[in-house]
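# Summary of the model geometry
Each chain, written out:
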Amino acid sequence: MEVSPTEAPMDLLLEADPSREKIEGYLPRSRCFVATLDGAPAGVYVVLETAPAEYELMNIAVAPHLQGKGIGTTLLRHAIATVRELGARRLEVGTGTFGHQLAYYQREGFRVSRVDRDFFLENYPEPIYENGIQHKDMLRLVLEYR
Ligand SMILES: CC(C)(COP(=O)(O)OP(=O)(O)OC[C@H]1O[C@@H](n2cnc3c(N)ncnc32)[C@H](O)[C@@H]1OP(=O)(O)O)[C@@H](O)C(=O)NCCC(=O)NCCS
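Source: prediction; values computed, not measured.

Moving on to the layout of surface pockets. The calculated volume of the largest pocket comes to roughly 1100 Å³. The wall of the largest pocket is formed by 43 residues, among which Ala16, Ile60, Thr95, Gln101 and Tyr105 lie closest to the centre. With seven residues, strand E4 (residues 54–62) is the single largest residue contributor to the lining of the largest pocket. The residue makeup of the lining of the largest pocket, split by class, is 21 nonpolar, twelve polar and ten charged.

Written out as structure tokens, the structure is:
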């Protein structure tokens, strides 16, 4: 269900984007959707219209203890459908250049569009590690609606 940006579950948003400052920057301009389980937030996604008919998936996350059960895929499909209904031509997402997220997005039709070299080095004060590897570059993925 859609919630107002002020009701967004910040702890979940921080799972996908470690910068609270960045989240607080885009959240008020975005639309936020939350999935709940037994009354508690299980997953969240945030979309922002960046140009007419062009949207960006700013954040998508599932509570750590519920990951790997299909909730993330259901949320991503919901995000794709929501943005389609809003009349989008394209949906873009920025992610790291390695990790399971790449298959997760590409399975739903996202294609690689470009690399933002040094993005994580230049935009985050703390180094970001996953599986012991430092994230340096951002991969931009795009889903084109037809
Ligand atoms: C990315 C994320 C939203 C996926 O949600 P999820 O509920 O775990 O997704 P699903 O259960 O639908 O699984 C999707 C695929 O990712 C894989 N996967 C999920 N979590 C994984 C993990 N921690 N390690 C390895 N693979 C994982 C699943 O196995 C599945 O692939 P498969 O079908 O080939 O097995 C979730 O892992 C998450 O919140 N991660 C932290 C935040 C984040 O990285 N967000 C994306 C920012 S770009």
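What follows picks up the thread again.
When the UniProt feature table is mapped onto this chain, "domain: N-acetyltransferase" (unreviewed entry) is found at residues 1–131. With 31% helix and 34% strand, residues 1–131 has end C-alpha atoms that lie 32 Å from one another.

To continue, consider the packing of aromatic side chains. All told, the structure shown has six aromatic pairs when counted by the stated rule. Look at tyrosine 105 and phenylalanine 110: their rings are 5.6 Å apart centre to centre, the planes differ by 70°, and that puts the pair in the edge-to-face class. Both residues of the pair, tyrosine 105 and phenylalanine 110, count as buried. Plain terms: the ring middles of phenylalanine 120 and tyrosine 124 are 5.8 Å apart, the flat faces sit at 40° to each other, and that makes the pair tilted. Site record: aromatic cluster; members linked through ring pairs are Tyr104, Tyr105 and Phe110.

This paragraph deals with the pairing of E4. When you tally the buried positions in E4, you get seven out of nine residues, the bulk of the element. Two elements, strand E3 (residues 40–51) and E4, share eight bridges in a ladder whose sense is antiparallel. Following the sheet pairing, alanine 51 is matched in E4 by glutamate 54. Linkage of E3 to E4, two consecutive antiparallel strands, is achieved through a turn of two residues, within which alanine 53 is found at a positive phi near 65°. Pairing of E4 with strand E5 (residues 90–96), which is carried by four bridges, proceeds in the parallel orientation. Within E5, the position partnered with leucine 57 by the bridge is valine 93. At this point the chain moves from E4, through helix H3 (residues 71–85), to the parallel E5, and the crossover so formed is right-handed.

This paragraph deals with the sheet that holds E3. Taken in spatial order, the seven strands of this open sheet run E1-E2-E3-E4-E5-E9-E6, and their pairing is mixed. One side of each edge strand has no neighbouring strand; the edge strands of this open sheet are strand E1 (2–3) and strand E6 (111–116). Relative to strand E2 (residues 31–37), E1 runs antiparallel, the two being bridged by two bridges. Its bridge partner being in E2, glutamate 2 is matched across the sheet by phenylalanine 33. Along the sheet face, H3 touches E2, E3, E4, E5 and strand E9 (138–144) and points at about 160° away from the line of E4.

The rules behind each value
Residues numbered from 1 in each chain as written. Predicted model: local features only at pLDDT ≥ 70, side-chain atom pairs only at ≥ 80, totals over all residues. Heavy atoms only, no water. 1 Å grid on protein atoms, 1.4 Å probe; cavity = no way out; pocket = protein on both sides within 12 Å on 5 of 7 lines; lining within 4 Å. Points joined across faces, edges and corners; volume = space filled by probe spheres on them. Helix = DSSP H or I, 4+ residues; strand = E, 2+ residues; numbered from the N terminus. Nonpolar A, V, L, I, M, F, W, Y, C, P; charged D, E, K, R; others polar. UniProt positions renumbered as here; feature names shortened; annotations may be inferred. Phe/Tyr/Trp six-rings, centres within 6.5 Å; stacked < 30°, edge-to-face > 60°. Buried < 20%, exposed > 50% of the residue type's maximum accessible area, 1.4 Å probe, protein only. Pairing = 2+ DSSP bridges. Right-handed = clockwise from strand over helix to strand, strands pointing away. Contact = heavy atoms within 4.5 Å. Axes fitted to C-alpha atoms, helices over the stretch in contact; angles between N-to-C directions.

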